[in-house]
Number of protein chains: 6
Amino acid sequence: MSLHKVAQATAGFTGADLENLLNEAALLCARAGRPFLNQSDLHEAMMKVIAGPEKKSRVITPEAKKLTAYHEAGHAVVIHDLPTADPVHQITIIPRGGAGGMTISLPTEDRDYESKTELTEEIAVCLGGRVAEELFLGDISTGARSDLERATDIAHAMVTRYGMSKKLGEVVLDTGRDEVFLGRSMARTKPYSEEVAGQVDQEVRALLDAAHHTCEDILKARKAVVEKVAQYLLEHEVMDAETFLTFFEENKQTAE
Amino acid sequence: MSLHKVAQATAGFTGADLENLLNEAALLCARAGRPFLNQSDLHEAMMKVIAGPEKKSRVITPEAKKLTAYHEAGHAVVIHDLPTADPVHQITIIPRGGAGGMTISLPTEDRDYESKTELTEEIAVCLGGRVAEELFLGDISTGARSDLERATDIAHAMVTRYGMSKKLGEVVLDTGRDEVFLGRSMARTKPYSEEVAGQVDQEVRALLDAAHHTCEDILKARKAVVEKVAQYLLEHEVMDAETFLTFFEENKQTAE
Amino acid sequence: MSLHKVAQATAGFTGADLENLLNEAALLCARAGRPFLNQSDLHEAMMKVIAGPEKKSRVITPEAKKLTAYHEAGHAVVIHDLPTADPVHQITIIPRGGAGGMTISLPTEDRDYESKTELTEEIAVCLGGRVAEELFLGDISTGARSDLERATDIAHAMVTRYGMSKKLGEVVLDTGRDEVFLGRSMARTKPYSEEVAGQVDQEVRALLDAAHHTCEDILKARKAVVEKVAQYLLEHEVMDAETFLTFFEENKQTAE
Amino acid sequence: MSLHKVAQATAGFTGADLENLLNEAALLCARAGRPFLNQSDLHEAMMKVIAGPEKKSRVITPEAKKLTAYHEAGHAVVIHDLPTADPVHQITIIPRGGAGGMTISLPTEDRDYESKTELTEEIAVCLGGRVAEELFLGDISTGARSDLERATDIAHAMVTRYGMSKKLGEVVLDTGRDEVFLGRSMARTKPYSEEVAGQVDQEVRALLDAAHHTCEDILKARKAVVEKVAQYLLEHEVMDAETFLTFFEENKQTAE
Amino acid sequence: MSLHKVAQATAGFTGADLENLLNEAALLCARAGRPFLNQSDLHEAMMKVIAGPEKKSRVITPEAKKLTAYHEAGHAVVIHDLPTADPVHQITIIPRGGAGGMTISLPTEDRDYESKTELTEEIAVCLGGRVAEELFLGDISTGARSDLERATDIAHAMVTRYGMSKKLGEVVLDTGRDEVFLGRSMARTKPYSEEVAGQVDQEVRALLDAAHHTCEDILKARKAVVEKVAQYLLEHEVMDAETFLTFFEENKQTAE
Amino acid sequence: MSLHKVAQATAGFTGADLENLLNEAALLCARAGRPFLNQSDLHEAMMKVIAGPEKKSRVITPEAKKLTAYHEAGHAVVIHDLPTADPVHQITIIPRGGAGGMTISLPTEDRDYESKTELTEEIAVCLGGRVAEELFLGDISTGARSDLERATDIAHAMVTRYGMSKKLGEVVLDTGRDEVFLGRSMARTKPYSEEVAGQVDQEVRALLDAAHHTCEDILKARKAVVEKVAQYLLEHEVMDAETFLTFFEENKQTAE
């Protein structure tokens, strides 16, 4: 149930990765007996390189499938309704690598910096899956772990590295420069007082709670869309951007 | 007195383990003078590989035997009464490896994720043995140590890794990613404030206390079954799933 | 002034230790000009292997001898009066290895697990020597150090490993699994909050204080026996189980 | 969006750096077909060596460009209005190395020591860019990270190394001498009490907050100049000292 | 101004040390042209091996000499008046090794254990020098450093290793077994709560304060003796046990 | 602006240093065309070896020169007025090594120990430069850093190593023996409770504050002398002991 931005992933591509990507695409093209690579070959190759091969043979219980469908629908609908989030490109509940499903968004442009608004909405996008589980299935799962880690990391960086908390001010508490020597947990060793440590915890928590409420508001307002997206995924396993947007159109017409 | 899920154990099987398993089964089959492996050969072989060989020669005091019988009966009855726990497959008080006895449950399906409800009930299953000692023997023993460790680990992960505590919210406090460099105790070094550390302790404690009460409620309500299961174990040492379920039937009829 | 359970020590015996033991016994037997090993040879050999050779040449001041006699009498009388403690086998104030004296108890059976009651009484047995110094000599000494360490270790394990404190619940705070990498003090690094750390300290202290009072109650009630045992030790240096029990018989008659 | 003092950078120049600088200048001169190095060759060479080559090919979104323009305008205007800050030499929003833009100031003299007043104003200069983002664009970005780190470092040094806080007195809490062995986060390990740690945090915060208000006061008073500088940068990408000063002249005349 | 017990020092003697000692004695004997070693040769040789050679050439200011004289007089008089302290053997203010002077006491017997009373008085003996500086010279010096370290170590061990504090009880907080791996400061890393850490500090302090008062009481009562001992040392530099005891006799007669 | 005691520096001289010193002196003597070394050759050679060669070519701003002049005047006048401080030998504002200026004092005798009074006054001598900056120039600078470090080190040692604080008593909290393994910051890791850590901070602070007030009292009372010394230094760069003492004479006469 991890969340991928294709651009984010490709940004870190090395020459070897790109060669790998093209070979994969060429192979898919050759298997299909087509003379030239088309966009579908490249797309599938990219997914394979980024998230690992599809695991079609893995037996999935109906409960797990339902959980994944609502989880991904949650991510996708939150993405759609947040102004700065990159548009949804594809949603899938076919397992790939270690993930049960995936919502892929495509950034429309290169960004050098991220604003406070963008980071705040990115946290909400991360929590969309978990909140959907809670609202639509009445139980939550361990599947949201990597989403929650990413959300925590962003919130922590906003507060301790980017001076984006009014409460803490523009102090940089965590330079993130010590990761080399003794691993991450050492790097986070507090060089500040218990009082400030408590304020950091409160601010990180506040950012995550606010994002949680954003998700609740969106997913409650979009209840019908979430249901439809989840049902579609349970039937077809994959959903493209166009189909996804159709549900919002229908929803709008119904709402009128 | 450890608790095994066969599927959990076999999940981590390597090719070498499987070869080992089949050789053990073939050996047992050959010793019995049978031409083909039967299910009993495979079962005994699996137990041997997972939990070590039976230690029939070990002299056990009557007190220790009684303790083990009630402890395992406690695990088994709690498992039976919790909706999401995997059904009991076998209960034994023949020592194997380092354990005095064992309750084996068989998952009915593969699970990729575990829900909050499942994890909550898993903690109760772990505590079932200890609570039975307390209620039926009036003393508690060091034999529950690995059960308590597992219960603590699950509760700790729910609170600090899976964002399943309302009090702490969706913050990931322990990524579990630092185990490589300096061993476990380093990895748990707190990167958060005393206040949050206190909340974690309270929430972990609350989960364990709730599970303790669940066990008490079940074992008090099922007092007659526990007594019968323990007596049966003291007489026959091993109990299969069918016999185990019979006691519940009888109990139901009595209750009517 | 260390306290030995023979069975505890022999439990960890390797093949090499046993060979060593038999050679020692054979040597003692040969020196005595006897054709066959008798129980006394085996006993002396075992003591030599476990606690080191007797140091008959060491000059001991009368004060140290008196201290040791009352200290060992304290251990022995507390052992006698606690239901779950293993019976006293021998008491000696001949120095051996690093210890000034020794009280040896013999378990009547193999135990796989220890109950809360057994561990609670074991702490009291450890403190018996120190409390005797206090009550009978009016001063305390550094000789109790290893007794106090053992008592603290048991109490600490009850609270942090075996979930035997009502106040702390069934949480496992110290898994004891980190000893390999950075030695003991690292392993005990707190992965929990100050509040829980304080509760651990209070519970460990409470267990030790309760054991102290148990010792005081026993030793005050058995004042006459302690005096006689100590006097006997000062005269004969070694006391066997039978002689030890005689004093209690006399005491009982007197009391009647 | 980093802030450079040319002298500061050149101060650390080795012979090899200088050779590198001259070769770069010679190359630029040769490419331009000129017989002798002129000041422009040296300037461009110096910029290249200090901040890396210009990245003219990098595609920048209009939003990022606008952000950079106001950020740099903020730095420059704050520098202009603070008595002890070195005068602005050049402002550019052409990306170089890892920075989106740069404000270069030229110290008028060598300084061996820095006074409390100078350090206090230097913190304000660092925060000028971030405060401009907030006041003129209504959102803040991650681009200020290195500015905030530098501001925090100066404030921290004033309080813990240079005894410049009335609240903490002339105690040196951080000698900065431990950086060699275990990296920075280790060096900052507190050798003082929680109370003093809290006072350090409060004083560092107070210095940063005061600098923030200084920036707000200056940038609000100089609103028209900031707007003009930013617009000019969006049009021409580079601004020299003379042009920069002209805007203040106009502003003054308008204000009269 | 360190304090030596000859027996303590010789206890740790290796064969090589003893050889060294005898060679020194033989050399002194040969230099004196005597055919056989006498007690004086052995004594001087022992002093040389334990505390380093006399530094007769070192120029000492009258102030330092006076300080040392009163400091050593303080140690010696406190030793004399405490029942369990080993009798004074020699007092000297000739510098040896790193020490400006020395008070040597000779234990009358081997001790395996030390009682609480003995340790309590040993702390007072350590502080005798410092308290004499305070009472007789009105200023205190850095010369007491090793005395204070030894006093702190004894008090710390009484509280944390030997269970000799009523306030802390019989808990062993510091096993002293971790010194091997990471040096002393690591070994003292607290494995207990802040509350207990605070109690340890209070108890260590209380033991030192009590010892301080013991010294004050003795040295005020023995004012005349201290003055005479110090004056004698300033004149003769060395004082033997007999001379030392004479001053007490005189004092007694005066007091009568 | 560092403070040197010549004797302190020469105490650590190795044979190689002395050879170096004599060679320097010989060179200076030869350059001057004199046949024999005179005291001036030795003095200059000693300064060069201790503090590095004069940096006459370094361009110094008038502000920096003024700062240095008042800073050194502050040190010198405080030294003059404190009874236990070693007399001023020379004051210079010619940069040497890393220091902008220097006040050299010459101890009149060898000292083995330092008294509480001496250490207390030594702290005041360290702070004299900083306080002069504050009183006479109205701003403070980073130039006092090494003075403040030395003052903090002395105060910390008085409180934690030499038992010279009434509040903390004679406990040795910092033995200073751990510096070898993990560098200084590790060595200062607190082996005591937060409460004691807070008391240490308060006492260190109190010693520094008291020294600050001592400096203020002296420098305000000697305002005229400080001004004259600073003016003289600005004119002549170097001042010897005689000239320095003259200003006090004049001042006295004026005061009469």
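Residues numbered from 1 in each chain as written. Chains lettered and ligands numbered in written order. Predicted model: local features only at pLDDT ≥ 70, side-chain atom pairs only at ≥ 80, totals over all residues. Heavy atoms only, no water.

A. Representation of the overall build of chain A within the structure. Along chain A, the regular secondary structure elements total 10 helices and four strands. Going from the N terminus to the C terminus, chain A shows its helices and strands as β-α-α-α-α-β-β-α-α-α-α-α-β-α. Across the 256 residues that make up chain A, the buried fraction comes to 52%. Counting only contacts in chain A whose residues sit at least 6 apart along the sequence, the fraction spanning at least 24 positions is 71%. For chain A, the accessible area works out to roughly 11300 Å², and carbon and sulfur atoms hold 54% of it. (Helix = DSSP H or I, 4+ residues; strand = E, 2+ residues; numbered from the N terminus. Buried < 20%, exposed > 50% of the residue type's maximum accessible area, 1.4 Å probe, protein only. Contact = heavy atoms within 4.5 Å. Areas by Shrake-Rupley, 256 points an atom, 1.4 Å probe, with all protein chains shown as cover.)

B. Fine view of the pattern of salt bridges. Tallied over the entire structure, the rule returns 36 salt bridges over all chains. When the shortest N-O distance is used, the salt bridge between Glu134 of chain D and Lys166 of chain A registers 3.1 Å. Taken together, the residues Glu134 of chain D in helix α5 (residues 116-137) and Lys166 of chain A in the loop between α6 (145-160) and α7 (179-187) connect one chain to another. Owing to a relative accessible area of 66%, Lys166 of chain A belongs among the exposed residues under this scheme. Note that Arg222 of chain E and Asp81 of chain E form a salt bridge whose closest N and O atoms lie 2.8 Å from each other. One end of the pair, Arg222 of chain E, is in the loop between α8 (194-221) and α9 (223-236); the other, Asp81 of chain E, is in helix α4 (residues 62-81), with 141 residues separating them in the sequence. (Salt bridge = Lys/Arg side-chain N within 4 Å of Asp/Glu carboxyl O.)

C. Representation of α4 of chain E. Here α4 of chain E is 20 residues long and its end C-alpha atoms lie 29 Å apart, about the 28 Å a rise of 1.5 Å per residue gives. The element α4 of chain E is extensively covered by neighbouring structure, given that 14 of its 20 residues are classed as buried. (Expected span 1.5 Å × (residues − 1).)

D. Molecular detail of the packing of aromatic side chains. Residue and element names in this part refer to chain B. Summed over the entire model, instances satisfying the criterion amount to 18 aromatic pairs over all chains. Pairing Phe244 with Phe248 gives two aromatic rings, centres 5.1 Å apart and planes at 75°, and the pair type is edge-to-face. Residue Phe244 and its partner Phe248 are located together in helix α10 (residues 241-255), separated by four residues, close to a single helical turn. Per residue, the accessibility class of Phe244 equals that of Phe248, and both read buried. (Phe/Tyr/Trp six-rings, centres within 6.5 Å; stacked < 30°, edge-to-face > 60°.)

E. Molecular detail of unusual backbone geometry. With a phi close to 70°, Glu237 of chain B is a non-glycine residue in the positive phi region. Classification of Glu237 of chain B as partly exposed rests on a relative accessible area of 27%.

F. Geometry of the side chain of Glu170 of chain B. On the secondary structure map, Glu170 of chain B appears in the loop between α6 (145-160) and α7 (179-187). One buried charged side chain, Glu170 of chain B, makes no salt bridge at all; its nearest oppositely charged neighbour is Arg130 of chain A, positioned 4.2 Å away. With near-sequence residues (within four places) excluded, Glu170 of chain B lies in contact with Leu127, Arg130, Leu148, Thr152, Leu208 and His212 of chain A together with Gly163 of chain B. (Lys, Arg positive; Asp, Glu negative; His and termini not counted.)

G. Main features of the state of the cysteines. Scanning the entire structure with this criterion turns up zero disulfides over all chains. Looking at the unpaired Cys215 of chain A, the closest cysteine sulfur is the one in Cys126 of chain A, lying at 9.1 Å. (Disulfide = S-S within 2.5 Å.)

H. The pairing of strand β2 (residues 88-92) of chain D, seen in detail. Residue and element names in this part refer to chain D. Counting buried residues along β2, four of its five residues qualify, which places the element largely inside the surrounding structure. Summarising the sheet, β2 and strand β3 (residues 102-105) pair through four bridges and their orientation is antiparallel. In the sheet register, Gln90 faces β3, and the bridge partner there is Ile104. (Pairing = 2+ DSSP bridges.)

I. How the structure looks around the packing of helix α6 (residues 145-160) of chain F against helix α8 (residues 194-221) of chain F. All names here are of chain F. Contact pair α6 / α8: the axes reach a minimum separation of 9 Å and the direction vectors enclose 130°. By the angle between their axes, α6 is oblique relative to α8. Every pair of crossing elements has a handedness; the one defined by α6 and α8 is right-handed. Across the interface between the two elements, Ala151, Thr152, Ala155, His156, Met158, Val159 and Thr160 from α6 touch Val200, Glu203, Val204, Leu207 and Leu208 from α8. Of the residues in the contact of α6 with α8, the class split is eight nonpolar, three polar and one charged. (Axes fitted to C-alpha atoms, helices over the stretch in contact; angles between N-to-C directions. Parallel < 35°, antiparallel > 145°, perpendicular 65-115°, else oblique. Left-handed = near helix turned anticlockwise from the far one by under 90°. Nonpolar A, V, L, I, M, F, W, Y, C, P; charged D, E, K, R; others polar.)

J. Inspection of the environment of Gln202 of chain D at higher detail. Inspection of the secondary structure puts Gln202 of chain D in helix α8 (residues 194-221). Since its relative accessible area comes to 37%, Gln202 of chain D is described here as partly exposed. Residues contacting Gln202 of chain D, with those up to four places away along its chain left out, are Glu195 of chain A together with Lys167 of chain D. A polar contact of 2.9 Å, which involves the side chain of Gln202 of chain D, links it to the side chain of Lys167 of chain D. (Polar contact = N/O pair within 3.5 Å; in protein donor to acceptor, adjacent residues only side chain to side chain.)

K. Geometry of a nonpolar patch on the surface. On the surface, Leu22, Leu37 and Leu42 of chain A cluster together into a nonpolar patch covering about 240 Å² of accessible area. Tracing the backbone shows Leu37 of chain A in the loop between α2 (15-31) and α3 (39-51). (Patch = residues over 30% accessible without salt bridge, like charges linked within 9 Å, V, L, I, M, F, W, Y side chains within 5 Å.)

L. Focus on the environment of Ala30 of chain B. All names here are of chain B. In this structure, Ala30 sits in helix α2 (residues 15-31). By relative accessible area, Ala30 is classed as exposed at 53%. Sequence spacing of Ala30 and Ile104 is 74 residues, and the spatial spacing of their C-alpha atoms is 26 Å.

M. Molecular detail of helix α9 (residues 223-236) of chain F. All names here are of chain F. Between its first and last C-alpha atoms α9 spans 20 Å; for 14 residues at 1.5 Å apiece the expected length is 20 Å, and the two agree. Along α9, the residues classified as buried are Val225, Val226, Val229, Ala230 and Leu233. The arc enclosing the buried residues of α9, seen along the axis, measures out at 130°, which places them on a common side. Opposite the buried face of α9, by more than 90 degrees, sit the exposed residues Lys223 and Glu235. Residue Glu237 follows α9 closely and has a positive phi angle near 70°. (Arc of directions from axis to C-beta.)

N. Molecular detail of the packing of α5 of chain D against helix α6 (residues 145-160) of chain D. Residues and elements named next belong to chain D. As a packed pair, α5 and α6 sit with axes 8 Å apart at the nearest point and diverge in direction by 160°. On the basis of their axis angle, the class for α5 and α6 is roughly antiparallel. Relative to α6, the crossing made by α5 is left-handed. Together, Lys116, Leu119, Thr120, Glu122, Ile123, Cys126, Leu127 and Arg130 of α5 and Asp147, Leu148, Arg150, Ala151, Ile154, Ala155 and Met158 of α6 make up the contact between the two elements. The class makeup of the residues in the contact of α5 with α6 is nine nonpolar, one polar and five charged.

O. Inspection of the confidence of the model for chain A at higher detail. Residue and element names in this part refer to chain A. The predicted model of chain A averages 83 in pLDDT, with 83% of residues at 70 or higher. Scored below 50 in pLDDT, residues 177-190 shows 28 contacts in the model against residues more than four places distant or in partner chains. Scoring the predicted complex yields pTM 0.86 and, for the interface, ipTM 0.83. (pLDDT = per-residue confidence, 0-100.)

P. Region of the structure containing the side chain of Glu118 of chain F. All names here are of chain F. Summarising the element assignment, Glu118 is placed in helix α5 (residues 116-137). The class of Glu118 is buried, set by a relative accessible area of 16%. A distance of 2.7 Å separates the side chain of Glu118 from the backbone nitrogen of Ser115, its partner in a polar contact.

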